[in-house]
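Reading the structure
The lines below spell out each chain.
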Amino acid sequence: MHENQHHKIRTILIDWYNINKRELPWRQTADPYKIWVSEIILQQTRVNQGFDYYLRFVERFPDIKSLAESDEQEVLKYWQGLGYYSRARNLHKAARIIQNNFNGVFPSNYDDIISLPGIGEYTASAVSSFAFNLPYATVDGNIFRVLSRLTSKDIPIDTTVGKRFFREIAQQLLDKKAPGLHNQAIMEFGALQCTPKSPNCSECPLSLYCEAYKLNLVELLPIKQGKTKVSNRYFNYLFIKNGDSTYLQKRTGKDIWKNLYELPLIETKEAVELENLLKSKEFVRMFDGVEINIDGNGTKKKHILSHRIIYASFYTININAENEYLANFLKIPISELKSYPISRLTEIFLEEKFTNV
Ligand code: SF4
């Protein structure tokens, strides 16, 4: 594409955006903190789902100071259900770094912004351009798709070469005088007009400049090299009732749901039925010397995450006494379960359990 074409495409995108854009709360602000929060929420979350989370989050944590001074557990609670919890942990960590190293003021240059935890090239470009009008092109999935179709290049967008190639195109196409507006416009265009399935080509203002449209290749682009392998995990959760109390543990280590709480868990290599779970070493150790009474046959749930499928079984176990092993868990009143950050999977089980009681 030549500069002349770039100029026309930019103008069309801005005109299209001014007519078609959605009114979203984070578009009404120039506050880099709020723009940053919205971009982190939107990294792996659809706009519709992220909307309420964003409003709740910035109401409770309206600025860097309030986020930096809160404790991580509360931040995770506000994130509950959104998934990818490292986003919340990094937001909190970064807020503390800004508070301590940047006098509480959000940094206004790209290098400082990208140095913060949880901020990669995309988010740094988004905050730099939306809040500070710096000339950095944002390149997210929507933009990879639009550019791959406009140029009709069959370079896979999920490879290093493909990413580099389309980033360069995005940077050349960027309107250096209004980078924030341009980035917003092309992303919105990808989200609403040049959609993954059934893009609205017949009414597209860019169709004249779209090589894929001219060559009838729209359905085939963008190209992706390969899908990430999905692994299966088998979780057996124990909702242990000891009078009015129950038990939780905090997830630590490098795994999903780090720092969230969960019911005592026995993970197995494959699906096991209750009869075999009762004979497993972990179960025997957990209830050694304690009389147990199990409600029913358990509840099965299939929970899909981006790279994992979790086959979960939940068992409700009643006890009257505890041993040393159980005493190592966090014992809490059942009525306080709601105040702990937990995975959406466990939340669904508990919601059903307490509505069925
Ligand atoms: S013509 Fe179709 S494929 Fe090309 S930019 Fe427009 S919507 Fe996307």
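Parameters at a glance
- Residues numbered from 1 in each chain as written.
- Predicted model: local features only at pLDDT ≥ 70, side-chain atom pairs only at ≥ 80, totals over all residues.
- Heavy atoms only, no water.
- Helix = DSSP H or I, 4+ residues; strand = E, 2+ residues; numbered from the N terminus.
- Buried < 20%, exposed > 50% of the residue type's maximum accessible area, 1.4 Å probe, protein only.
- Contact = heavy atoms within 4.5 Å.
- Areas by Shrake-Rupley, 256 points an atom, 1.4 Å probe, with all protein chains shown as cover.
- Axes fitted to C-alpha atoms, helices over the stretch in contact; angles between N-to-C directions.
- Parallel < 35°, antiparallel > 145°, perpendicular 65-115°, else oblique.
- Nonpolar A, V, L, I, M, F, W, Y, C, P; charged D, E, K, R; others polar.
- Expected span 1.5 Å × (residues − 1).
- Arc of directions from axis to C-beta.
- Salt bridge = Lys/Arg side-chain N within 4 Å of Asp/Glu carboxyl O.
- Domains from an automatic or database assignment.
- Buried area = accessible area lost by both parts, 1.4 Å probe.
- Polar contact = N/O pair within 3.5 Å; in protein donor to acceptor, adjacent residues only side chain to side chain.

1. So, the overall build of the protein
Scanning the protein from terminus to terminus reveals 16 helices and seven strands. Each of the three principal axes of the protein carries a C-alpha extent, and together these read 80 × 50 × 35 Å. The buried share of the protein, taken over its 357 residues, is 48%. Taking all contacts inside the protein whose residues are at least 6 apart in sequence as the whole, residues at least 24 apart take part in 67%. Summed over its atoms, the accessible surface of the protein is roughly 18,500 Å², and 48% of this surface lies on carbon and sulfur atoms.

2. Looking at the packing of helix α1 (residues 3-20) against helix α11 (residues 179-192)
It is at 9 Å that the axes of α1 and α11 come closest, and there the two elements cross at 70°. The angle between α1 and α11 places the two elements in the roughly perpendicular class. Where α1 abuts α11, its residues R10, L13, I14, W16, Y17 and N20 lie against L181, H182, Q184, A185, I186, E188, F189 and L192. Residues that form the contact of α1 with α11 fall into these classes: nine nonpolar, three polar and two charged.

3. Quick notes on α1
Compared with the 26 Å implied by 1.5 Å per residue over 18 residues, the 25 Å span of α1 between its first and last C-alpha is a close match. For α1, every residue scored as buried is listed here: H6, I9, R10, L13, I14, W16 and Y17. Mapping the buried residues of α1 onto a view down its axis gives an arc of 165°, with all of them on the same face. Away from its buried face by more than 90 degrees, α1 exposes N4 and I19. The elements touched by buried residues of α1 are α10 (160-173) and α11.

4. Brief notes about the pattern of salt bridges
Counting across every chain of the model gives 15 salt bridges. One salt bridge connects D255 with R233, and the closest N-O pair in it is separated by 2.8 Å. Of this pair, D255 sits in the loop between β2 (245-250) and β3 (261-262) while R233 sits in strand β1 (residues 231-242), and the two are 22 residues apart along the sequence. For R233, a relative accessible area of 14% corresponds to the buried category. Residue E267 is joined to R233 by a salt bridge in which the shortest nitrogen-to-oxygen separation is 2.7 Å. Here the residue E267 occupies a position in strand β4 (residues 265-268), and R233 occupies one in strand β1, the gap between them amounting to 34 residues.

5. Notes on the domain arrangement of the protein
Per the domain assignment, the segments making up the protein are domain 1 (3-220) and domain 2 (231-356). Just the C-alpha atoms count here: the centres of domain 1 and domain 2 sit 38 Å apart. Taken together, the nine residues of domain 1 in the interface contact 14 residues of domain 2. Each partner contributes to the roughly 960 Å² buried at the junction of domain 1 and domain 2, and carbon and sulfur atoms together form 50% of this total. Between the two partners, domain 1 and domain 2, sit zero salt bridges. Where domain 1 touches domain 2, the interface holds seven residue pairs in polar contact (both at pLDDT 80 or more). Per element, the largest residue contribution to the side of domain 1 that touches domain 2 is four residues, and it comes from helix α5 (residues 72-79).

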